[in-house]
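Chain and residue survey
Residue-level listing of the chains:
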Amino acid sequence: MTTRRTFRSAGLVAVAAAAALSLAACQSGGKSAASGPERQAAAASGTTGGGSTPVGSSTIAADKAADKAADKAATGVRTGADAAHRGGTPATTAKTASQARTQTLPDGSTAEIRRLGDQHYLARIVHGGSVLATLETNGADAGLDANDMFIVLTLGGQLHAWMGGGHQGPGTFELAGGWKAKVTKTGELRYRAQILGNDGAVDATLQTNQHDVGLDANGVYIVLSAGGVISAHE
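Note that the structure is a prediction, hence the values are computed from the model and not measured. (Residues numbered from 1 in each chain as written. Predicted model: local features only at pLDDT ≥ 70, side-chain atom pairs only at ≥ 80, totals over all residues. Heavy atoms only, no water.)

**Thoughts on the sheet that holds strand 11 (residues 190–196)**
Let me state the cut-off plainly: When DSSP finds two or more bridges between a pair of strands, those strands are recorded as paired. Per the convention used, a helix needs a DSSP run of H or I reaching at least four residues, while a strand needs a run of E reaching at least two, with both numbered from the N terminus. Whenever a helix is involved, its axis is fitted only over the stretch in contact; in every case the axis is a line through C-alpha atoms, and angles between N-to-C directions fall within 0 to 180 degrees.
In spatial order, the strands read 9-10-11-12; together these four strands make up an open sheet with antiparallel pairing. Sheet topology places strand 9 (171–174) and strand 12 (202–207) at the edges, where each strand pairs with a single neighbour. On average, each strand axis in the sheet is tilted by 20° relative to the strand beside it, whichever way the strands run. Strand direction decides the pairing type here: strand 11 and strand 12, joined by five bridges, are antiparallel.

Here it is, written out as structure tokens:
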């Protein structure tokens, strides 16, 4: 029994000596060993490259805060393509278009008038929540014959509407304000109206091209429909 205990003790001493030699060899590896996988593993486990000293908790917190700030900045960036995909309205469009104003028309419907730009206006004729027609000025006055209700939208954004008073062309007709209109047919849904002054001279011309047209003739509003009906009001 005594001999067996002595043998085990000697074995333990040999193991301890071998461990000490291994530890000394690792510590004497120099900078090249420290820069190898062992150092990377130590860094990943939160220790410094020189030994088992833990990295300070303040350093870890600072790194995490920096990473979080970078992630937040990255997710906050929106490119122009992103904005277009989201359907966002460009700032220039928001500045150009104005809010719509409304005007009640003689037949009880409503005109929603919006300025799109310089001498550029859009009017939507709405009844019962439905858009019945639109008029748009883009370099010229606009007109509409809406079932014997005539509408003129001017380049200045003014809308004038009245009921009745239409004349079916072709022919020459007396109009409001002392004007005369000589209406001729030029094709399918195509009519021309020459607006004549007191001396018989042609002061303006309206030409339909499959859609109604309108004119502000010095405060007298004239509509010529694609069907050849002309009406004026002041």
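Next comes the rest of the write-up.
**Observations regarding the pairing of strand 14 (residues 220–224)**
The condition is simple: A 1.4 Å probe rolled over the protein chains alone gives each residue an accessible area, and that area as a share of the maximum for its type sets the label: buried under 20%, exposed over 50%, partly exposed in between.
By the criterion of burial, strand 14 is predominantly enclosed, with five of the five residues buried. Side-chain alternation along strand 14 places Val220, Ile222 and Leu224 on one buried face and Tyr221 and Val223 on a second face that is also buried. For strand 13 (residues 213–217) and strand 14, the ladder comprises five bridges, and the chain directions are antiparallel. Bridge pairing in strand 14 places Asp216 opposite Tyr221. Counting the residues between successive antiparallel strands, the hairpin from strand 13 to strand 14 contains two residues, one of them, Asn218, with a positive phi of roughly 55°. In this sheet, strand 15 (residues 229–233) lies alongside strand 14 in antiparallel orientation, the contact comprising four bridges. The residue bridging Val223 from the neighbouring strand is Ser231, located in strand 15. Connecting strand 14 to the antiparallel partner strand 15 that follows it, the hairpin turn spans four residues, and Gly228 within it adopts a positive phi of roughly 90°.

**Some remarks on the packing of aromatic side chains**
What counts here: For Phe, Tyr and Trp, where Trp contributes only its six-membered ring, two rings pair if their centres lie within 6.5 Å, and the inter-plane angle classes them as stacked under 30 degrees, edge-to-face over 60, or tilted in between.
Enumeration over the complete set of coordinates arrives at one aromatic pair. Relative to Trp162, the ring of Phe150 lies with its centre 5.9 Å away and its plane at 25°, an arrangement referred to as stacked. On the criterion of sequence distance, the pair formed by Phe150 in strand 6 (residues 149–153) and Trp162 in strand 7 (residues 159–163) is long-range, its members being twelve residues apart.

**Digging into the sheet that holds strand 4 (residues 130–138)**
Taken together, the four strands give an open sheet; going across it, the order is 1-2-3-4, and neighbouring strands pair in antiparallel fashion. Strands with a single pairing partner mark the edges of an open sheet, and in this sheet they are strand 1 (101–104) and strand 4. Here the average twist between neighbouring strands, direction ignored, is 25°. Bridge count for strand 2 (residues 110–117) against strand 3 (residues 120–127) is seven bridges, and the pairing is antiparallel.

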